[in-house]
Structures are given as structure tokens and as C-alpha cells.
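Descriptive structure summary
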Amino acid sequence: MADEAQRHGDGTGGGTGGGGAGGGGRGHREGRGAGARAYVGSFTSAGGRGVLAATVNPRTGALTVTGASDAVPDPSFLVPAPGGEVLYAVSETEEGAVAAFDVTGPAPRLLGDPAPVRGTHPTHLALAHGHALTANYGSGSVSALPLGPGGAPEPAGGVLHHHGTGPHPERQTGPHAHQVVPAPGGRWVLSVDLGTDSVHVSALDPMTGELTPHGRTALRPGSGPRHLAFHPSGSHAYVLAELAPTLTACRWDPASGSLVPVGEPAVLPTRPGEEGESYPSGIVAAPDGRFLWAAVRGDDAIAVLALDGSRERPVPVATVPCGGHWPRDLTLDPRGRRLYVANERSGDVTWFDLDPETGLPSRAGSIEAPAASCVVFA
């Protein structure tokens, strides 16, 4: 939710992130040249403009805002529909809703009324089998909303409730679904739960929207998993923890729907003599599978991790400043050449050129985006 440091009193944020590879419809296909578009979600309750639309300079990666819509409160996470003419947003509020926008013009235009998710404070959104899926942080549930004619969402049909707690006295008194991701191949849906230190695997019925539990992977107690990204091969997934700056590497079996942890490296390089609080938020994987990038709040940094041929031993190699304060989310451009970071508290989106050999980001520019929470491309 918006600025959870105040809501939870522990200095952590609690919203979205997780895009990029495996981030639930992040649009990592080839770009459309000068026609490529970007969209920024933000918290209207913290001064944001809602959903911002921007053109993307194909040569420099620079964003130019063309319009905005505040028709929906706190549209904190976005996902474009295939084809790029419709954009979906969660409304991260107590009531919880999904809205659809027509984005064929310079400013997003609301399509019909937002549809209730039957859960509270949805923080993440994905598309699968004609449904919009939401991870509902407040109620610890995942909802499936059918998409009607023209793409408008309808009220949630299936709702899957998580159960359990964790050892953190404030953040883990109950389940908190933070991200929902269709697995490669489309057979399974994964939901990451910060409150119960687990990743749930379920099956979605395309006809009814019912989500059927299939399995649950337990992670280290108190780690607070927030988001995951799949390796482009589909054989592994990397689960980023919020309550501890660690990453859990997992083998993924698409046939059996099995997620098996194989290691838990640190996200940040060792820093002797330094102390501080680090709260990772979002993670993306390089299209060639050689690097991972993670946003880390508190440190206000982008962590760079290298992957070897086993795909099971991410090694932190560097950190660079995120270009602002409190990086809530990050994503790659459609070709994987640049990294874009939504800095919530400094109110900007900063982009970085990526060195293809080292994976190191170099700051290239930024735009003002008050209370920015995510960036997506279409």
C-alpha cells in the first residue's frame, strides 16, 4: 500500500514490483519503434496523477508524458493487454478493484466502471486465459476477474484465500498476497505471499475463473517474500524477499507445477562496517538469462546479480544508486536494453542504459512522476 512505512511502522513499503521477466504481462516483446508507449502507475492518495501515458524515444529511451488519468484512485500496478490498446490497473484501496483504460489516444480513458476484486488492497495484476488476476495484499487472497467484450473487467468470479502467519510481529500476522504470476506455458498460476513466507501454485479454470490450490512452497521464516521473476528458459524462478535482503533461487518443473528452493544468496554485496535497513521490492531477469536486477529501498539502490550456467547461484556483483528515493518497482524496456525504476518517494521515473557485458546500469535520464509505483511498456 502507499507508503507502508507509516501504515506498518517498520520502514518498509508494501506494494508492487516484480515485473520484467515473469512479472505478469510486462510486454517483453520486440518494441514498436517510435510507436512504443510506456505507462506509469502512481498513488493518487500521495499526490500522484494516476495513470501516466508516455511516448518512448527509440534512440535514447527517454520518456515524454502525453497525458494522465486520475479516474481511479491509487492505480499502483498496471499491465497492458496484448496488442497494447487496453491497459489494466489495480485500484489499491480498501474496496479493491480492477479498471480498464483505452490507451489509443494521448491520455488514458476509462472503459466502464472498475470491477470489484472481492479483496482488499490489490497490489499486483496479471492476465491469463481471459481473466485479470489480482494479488490482494490486505485480504491475503488472489482474485480472477473475467474480461468481457471490449476488454472491460467484470466482478471477480474465483477468489483463492491464503492462510497462515509468519514470525514478524507486525507484517506477518496473517497472509499478504503480494504478486500473482502466470507460469511459462500458462498451466499454473503462482502467488507470492509475504505474510506466510510461501509461494502458492494453483490452477485457473478458464471457463469459471475458479482457482484450485495445487501446491505451496515454504521459504525461510521471516523472510517475507514479495516478488518473483522467471528465468527466460522457464526452468528456474527467483523469489525476492522484502523483510530480509535475500533472493531464493528455485527450480521450476512446469509439468508437475513444482517449485523447489535450491539456494538463498544475499541480494547485496557484503559491506563490512556498514549497517542499515534494506527492503527489496522488484526483480527482473535479463532476456539472455545472464543477469538479475533488484530494486532495494532503504539503500535506494539497484542490485546487479550475475547468473552462471546452472542458473541456481545468483552472485551479487554491484549496486548502483537508483536515481531517486524508495525504488518501488523496476522493469526492462521491450528489448531488454534499458532499465526503468519507479522511485516512489522522490516522485520520478529514472532510466538506465545497461552494459550488455557486465550488466551494470548507467543513469541516462528521468522524468517527474509524483508517487510513482510502477512502469510498464506496450
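Scoring rules and cut-offs
- Residues numbered from 1 in each chain as written.
- Predicted model: local features only at pLDDT ≥ 70, side-chain atom pairs only at ≥ 80, totals over all residues.
- Heavy atoms only, no water.
- Helix = DSSP H or I, 4+ residues; strand = E, 2+ residues; numbered from the N terminus.
- Contact = heavy atoms within 4.5 Å.
- Areas by Shrake-Rupley, 256 points an atom, 1.4 Å probe, with all protein chains shown as cover.
- Salt bridge = Lys/Arg side-chain N within 4 Å of Asp/Glu carboxyl O.
- Buried < 20%, exposed > 50% of the residue type's maximum accessible area, 1.4 Å probe, protein only.
- Phe/Tyr/Trp six-rings, centres within 6.5 Å; stacked < 30°, edge-to-face > 60°.
- Lys NZ or Arg CZ within 6 Å of the ring centre and 35° of its normal.
- Polar contact = N/O pair within 3.5 Å; in protein donor to acceptor, adjacent residues only side chain to side chain.
- Pairing = 2+ DSSP bridges.
- Axes fitted to C-alpha atoms, helices over the stretch in contact; angles between N-to-C directions.
- Core = buried A, V, L, I, M, F, W, Y, C linked by side-chain atoms within 4.5 Å.

**As for the overall build of the protein chain**
Scanning the protein chain from terminus to terminus reveals one helix and 29 strands. A fraction of 52% describes how many contacts in the protein chain between residues 6 or more apart in sequence connect residues 24 or more apart. When the accessible surface of the protein chain is split by element, carbon and sulfur atoms take 52% of a total near 13,200 Å².

**What to know about the pattern of salt bridges**
Taken as a whole, this structure holds 11 salt bridges when the rule is applied. Arg297 is the partner of Glu242 in a salt bridge, and the nearest nitrogen-oxygen pair spans 3.6 Å. With Glu242 in the loop between β18 (236-241) and β19 (247-253) and Arg297 in strand β22 (residues 291-297), the pair connects residues that are 55 residues apart, well separated along the chain. Just as Glu242 is buried, Arg297 falls in that class too.

**Some points on the packing of aromatic side chains**
Counted by the stated rule, this structure contains five aromatic pairs. Ring plane angle 35° and centroid distance 6.1 Å describe the contact between Phe291 and Trp293, whose orientation is recorded as tilted. Using a relative accessible area of 7% as the deciding quantity, one classes Phe291 as buried. Take Trp293: its relative accessible area is 3%, and that puts it in the buried class. Over the aromatic face of Trp326 sits the side chain of Arg345, whose NZ or CZ is 3.8 Å from the ring centroid.

**Thoughts on the side chain of Arg338**
Relative to the helices and strands, Arg338 resides in strand β26 (residues 338-343). One polar contact links Arg338 to Asp353, side chain to side chain, over a distance of 3.0 Å. Every residue in contact with Arg338, bar those within four places of it in the chain, is listed here: Pro58, Arg59, Thr60, Gly61, Thr331, Leu332, Asp333, Phe352, Asp353 and Leu354.

**Comments concerning the environment of Leu259**
Note on placement: Leu259 falls in strand β20 (residues 258-263). Judged by relative accessible area, which is 6%, Leu259 ranks as buried. Between the C-alpha atoms of Leu259 and Ala218, which are 41 residues apart in sequence, the distance is 9.6 Å. Leu259 has contacts with Leu190, Val199, Thr217, Ala237, Cys250, Arg251 and Trp252, leaving out every residue within four places of it along the chain.

**Side note on the sheet that holds strand β16 (residues 211-218)**
The strand order β13-β14-β15-β16 describes an open sheet built from four strands, whose pairing is antiparallel. In the strand order of this sheet, the two ends are held by β13 (177-182) and β16, each with one partner. The mean inter-strand angle of the sheet, taken between neighbouring strand axes irrespective of direction, is 25°. Alignment of strand β15 (residues 198-204) against β16, held across seven bridges, turns out to be antiparallel. Counterpart to Leu204 in the pairing with β16 is Leu211.

**Here's the deal with the nonpolar core**
In summary, soluble globular proteins display a tendency toward joint burial of nonpolar side chains. Tyr39, Leu78, Leu87, Tyr88, Phe101 and Leu125 are the most contacted members of the largest nonpolar core, which has 28 residues in total. Among the secondary structure elements, those contributing two or more residues to this core are β2 (51-56), β4 (78-80), β5 (86-91), β6 (97-102) and β29 (372-377). At five residues, the largest contribution of residues to this core is made by β5. Within the second largest apolar cluster, 16 residues are counted, among which are Ala38, Ala54, Ala342 and Ala369.

**Comments concerning the side chain of Ser91**
Structurally, the position occupied by Ser91 is in strand β5. Under the relative-accessibility criterion, Ser91 is labelled buried at 4%. Beyond its immediate sequence surroundings of up to four residues, Ser91 is in contact with Val72, Pro73, Asp74, Gly96, Ala97 and Pro122.

**Quick notes on the sheet that holds strand β11 (residues 141-146)**
Strand order in the open sheet formed by four strands is β9-β10-β11-β12, and the pairing between neighbours is antiparallel. For this open sheet the edge positions go to β9 (122-128) and β12 (158-161), each flanked by a neighbour on one side alone. Taken pair by pair, the neighbouring strands of this sheet meet at an average axis angle of 20°, ignoring direction. For β9 and strand β10 (residues 131-136), the ladder comprises six bridges, and the chain directions are antiparallel. Pairing of Ala128 across the sheet is with His131, part of β10.

**Quick word on the pairing of strand β14 (residues 189-193)**
Along a regular strand, successive side chains alternate from one face of the sheet to the other. Most of β14 sits inside the fold, with five of its five residues counted as buried. Of the two faces of β14, the one holding Val189, Ser191 and Asp193 and the one holding Leu190 and Val192 are both buried throughout. Here β13 runs beside β14; their pairing, made up of five bridges, is antiparallel. The residue bridging Pro182 from the neighbouring strand is Val189, located in β14. Between β13 and β14, which pair antiparallel one after the other, the connecting turn spans six residues, and Gly185 there sits at a positive phi close to 100°. Bridging between β14 and β15 involves five bridges; their strand directions are antiparallel.

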